[in-house]
Amino acid sequence: MTRLLEGLIEVMFPRACVACDAVLLQGKFFCEDCEPLLLTVGPVHCLRCAEPGRFVNGLCPRCAKKRPAFERAFAPFEHDGAIARAIHRFKYEDRPELAGPLGELLWLQSPDFLEHAPKHVCPIPLHDGRYRARRYDQATLLANELSLRSGRLVLADDLLVRRRATKRQVGLSDAQRIANVRGAFEARGGVTSVLLVDDVLTTGATAAEAARALHAAGVKVVEVLTLCRAKRLFMP
Ligand SMILES: [Zn+2]
Ligand SMILES: [Zn+2]
């Protein structure tokens, strides 16, 4: 696209803040009120789960004690402030078009992780009932944007399916979350490594169960990339 055409599109359809819809005069994603409310996960974090901080051998106490079912996870933001607001709008307020800027943001904020990440991108699937209610699947939209932007990643969204419906994880204890998703996924093999994509990593229970199913199908390496992560992550 030529610069002129890009400029015209900018004038006709100015970008809006993904968290509050304010028209953006500068920057690409957040307005000047929302931008300061972003909490980024810095470069110093656990090598496996991206828990912020400097740890012995690079592993946080939880990952050092018990290895998560996936090989590596990363999220550029903590689940708080403006990004939490943006994700809520994307997921629950019928704003599927936010997948564009949020997918671009995920790609721009994760260069180090993506450099060595698996090439096949697979969204963590919603079960059918929830898909019907919402009419779109936020993880697939994000995974699609990420593969388009990166030019290197391939969308392989048929690698993993929900075998049964699960309750929403919100409000469940850590142990209940693990039990709730146990056996929820069925995976297909045929690739050696998979990058799982979702909007939020909360306890890691769903991602770990998806990783188990992929490993059982013969996938050797499973990594996880989400836009944000809960501040204190529990790894089953
Ligand atoms: Zn804003
Ligand atoms: Zn960790």
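For the structure itself, look to the data block above.
Residues numbered from 1 in each chain as written. Chains lettered and ligands numbered in written order. Predicted model: local features only at pLDDT ≥ 70, side-chain atom pairs only at ≥ 80, totals over all residues.

Visitor: Please clarify how the pairing of strand β7 (residues 193-201) should be interpreted in this entry.
Guide: Residues in a regular strand point their side chains to alternate faces of the sheet. The buried count for β7 comes to seven of nine residues, which makes it a mostly enclosed element. Across four bridges, strand β3 (residues 120-123) lies against β7 in parallel orientation. Within the sheet, the bridge partner assigned to P123 lies in β7 and is V197. In the sheet, β7 pairs with strand β8 (residues 221-229) via eight bridges, with the strands oriented parallel. Its bridge partner being in β8, V197 is matched across the sheet by L225. At this point the chain moves from β7, through helix α9 (residues 205-216), to the parallel β8, and the crossover so formed is right-handed. (Buried ≥ 20, exposed ≤ 12 C-beta atoms within 10 Å, placed from the backbone. Helix = DSSP H or I, 4+ residues; strand = E, 2+ residues; numbered from the N terminus. Pairing = 2+ DSSP bridges. Right-handed = clockwise from strand over helix to strand, strands pointing away.)

Visitor: Looking at this structure, how should I read the nonpolar core?
Guide: Considering soluble globular proteins, one finds that nonpolar side chains tend to be buried as a cluster. Residues L102, L196, A207 and L214 are the most contacted members of the largest nonpolar core, which totals 67 residues. Tallying contributions element by element places α9 first for this core, with seven residues. Among the domains, domain 1 (1-33) and domain 2 (38-229) are the pair contributing at least three residues each to this core. If we ignore the near neighbours within four places in the chain, the residues touching L214 are L159, L160, A187, V194, V219 and V222. (Core = buried A, V, L, I, M, F, W, Y, C linked by C-beta atoms within 7 Å. Domains from an automatic or database assignment. Contact = placed C-beta atoms within 7 Å.)

Just distances and angles here, no functional claims.
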